[in-house]
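The primary structure of each chain is shown beneath.
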Amino acid sequence: MHEDDDVARSLREASDLAPFKAGADVVVVGHAFSPGREPVRSLIARLVVGSIDKPIQVCCDRSFNPQGELRDGPRFRRMPLRYEHAAGGPDTSNPAGVAHDTRDALGAITVPNLLPVDHAVTDPGAMIPV
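Residues numbered from 1 in each chain as written. Predicted model: local features only at pLDDT ≥ 70, side-chain atom pairs only at ≥ 80, totals over all residues. Heavy atoms only, no water.

A. Examining the overall build of the protein chain more closely. Tallying secondary structure elements over the protein chain gives 0 helices and 8 strands in all. In the protein chain, the order of α-helices and β-strands from amino to carboxyl end is β-β-β-β-β-β-β-β. Its C-alpha atoms give the protein chain principal-axis dimensions of roughly 50 × 35 × 25 Å. Every one of the 130 residues in the protein chain was classed for burial, and the buried ones make up 30%. (Helix = DSSP H or I, 4+ residues; strand = E, 2+ residues; numbered from the N terminus. Buried < 20%, exposed > 50% of the residue type's maximum accessible area, 1.4 Å probe, protein only.)

What follows is the structure in structure tokens.
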């Protein structure tokens, strides 16, 4: 089942109806919350299950203005952990994600909120791993 029953959006509940599955799938559904619910610019969220340890950097809304300057949006207390907030776009492994060339009405390039840990965004043309 997808968010808002739209197949182009994040998967909310996976089906286990398959003739054969070699392993289990893990789908995280939820939000990252700032410590003490104080507004933050970024944080690290982690999923740990047995030997699986997957951290992700969660950042406030950001964009590069038409002059190439990185601008932070407001700090956050809670951020949805959804495919729409990660890098991606058409013809990638995350088609619901933010394409590297997504521009708003003022020409600013949107930066994904969810990034690999220690990935610094410094250039509007740099590709973010999908």
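B. Representation of the sheet that holds strand E3 (residues 52-59) in the model. As summarised here, the arrangement of the 3 strands in space is E2-E3-E8, forming an open sheet in which the pairing is antiparallel. Two strands lie at the open edges of the sheet, namely strand E2 (42-49) and strand E8 (114-115), each paired on one side alone. Here E2 runs beside E3; their pairing, made up of 8 bridges, is antiparallel. Within the sheet, the bridge partner assigned to Val 49 lies in E3 and is Ile 52. (Pairing = 2+ DSSP bridges.)

C. Quick peek at the sheet that holds strand E7 (residues 109-111). Across the sheet, which stays open at both edges, the 3 strands sit in the order E5-E4-E7 with antiparallel pairing between neighbours. Since the sheet does not close on itself, it has two edges, and those belong to strand E5 (70-72) and E7, each with one partner. Along the sheet, successive strands turn relative to each other by an average axial angle of 30 degrees, direction set aside. In this sheet, E7 lies alongside strand E4 (residues 62-64) in antiparallel orientation, the contact comprising 3 bridges. Note that in E7 the partner of Ser 63 across the bridge is Thr 110. (Axes fitted to C-alpha atoms, helices over the stretch in contact; angles between N-to-C directions.)

D. Molecular detail of unusual backbone geometry. Positive phi, close to 65 degrees, is recorded for Asp 91, a residue that is not glycine. Tracing the sequence through the fold places Asp 91 in the loop between strand E6 (78-80) and E7. Asp 91 gets classed as exposed once you look at its relative accessible area, which sits at 83%. One non-glycine residue, Asp 118, lies in positive phi territory at about 65 degrees. Its place among the elements puts Asp 118 in the segment after E8.

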